[in-house]
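So the chains spell out like this:
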Amino acid sequence: MRRLLDLLYEASAWLAALFMVSTLGMVLAGLLNRFVPLPFGGFDAMAGYFVAAAGFLALAHTLKRGDHVRVTVLLHSVGPLQRRILEVLCLTVALALSGVLAWHATEMAWTSWVSGTVSRQADGTLLWLPQSAMALGVGVFCIALFDEWCRAIDARPVEVVSHFDLDEA
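**Q** Help me understand the pattern of salt bridges in this model?
**A** Working definition: two side chains of opposite charge can pair if their charged atoms are close together. A complete count under the given rule lists six salt bridges for this structure. Between Asp6 and Arg2 there is a salt bridge, with the nearest N and O atoms lying 3.3 Å from each other. Highlighted residues: Asp6 and Arg2, both in helix α1 (residues 2-35), separated by four residues, approximately one helical turn. Its relative accessible area of 27% is what places Asp6 among the partly exposed residues. Exposure remark for Arg2: the relative accessible area of 27% places this residue in the partly exposed category. Close ionic contact of Glu148 with Lys64 constitutes a salt bridge, the shortest N to O distance being 2.1 Å. Remark: Lys64 occurs in helix α3 (residues 59-65) and Glu148 occurs in helix α6 (residues 128-153); sequence separation between them is 84 residues. Counted as one network, the salt bridges with shared partners bring together Arg2, Asp6, Lys64, Asp147, Glu148 and Arg151.

Quick look at the structure:
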């Protein structure tokens, strides 16, 4: 199961990277369009959709690498039992909030798909497409939070997967 979850987090990160590169492509196409009119438009809107997709899809991988911003002053000033209780409490709140967000993001994408809602921008994008990337990203983030919550409940140390070690640099 661990390998499957790690693969899910990695795949989500690679999708986020793909969307970031696609954002660059849309920005460059928008610049080119100012000098050489292209037969289609909507580059700004697409770049915005891609940035949002990249941000949401990167959440789980960022959490699992330990790169989310955390204020640990309080955690380091209490004993091991209190630290575990605080971590479980914080992860419970984060899991509940991300679960609500995942539910509503999925519901929003589904509603847009069923109703055929399109963007008001010149591109006329079917809105369920970018909304699905958001729902997927938050869903994977929710899974990653549940993974960390289970580790905290079991009192196992959090595994931080890092591809960059400062000691090796």
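**Q** I keep staring at the packing of α1 against helix α2 (residues 43-57) and nothing clicks. Help me out?
**A** Two numbers describe a pair of packed helices, the interaxial angle and the distance between the axes. Orientation of α1 relative to α2, taken along the N-to-C sense of each, is 165°, at an axis distance of 8 Å. Judged by the angle between their axes, α1 and α2 are roughly antiparallel. Of the two possible hands of crossing, α1 and α2 adopt the one that is left-handed. Classifying every residue of the contact of α1 with α2 by side-chain character gives 16 nonpolar, five polar and no charged.

Reading the values: rules and limits
Residues numbered from 1 in each chain as written. Predicted model: local features only at pLDDT ≥ 70, side-chain atom pairs only at ≥ 80, totals over all residues. Heavy atoms only, no water. Salt bridge = Lys/Arg side-chain N within 4 Å of Asp/Glu carboxyl O. Helix = DSSP H or I, 4+ residues; strand = E, 2+ residues; numbered from the N terminus. Buried < 20%, exposed > 50% of the residue type's maximum accessible area, 1.4 Å probe, protein only. Axes fitted to C-alpha atoms, helices over the stretch in contact; angles between N-to-C directions. Parallel < 35°, antiparallel > 145°, perpendicular 65-115°, else oblique. Left-handed = near helix turned anticlockwise from the far one by under 90°. Nonpolar A, V, L, I, M, F, W, Y, C, P; charged D, E, K, R; others polar.

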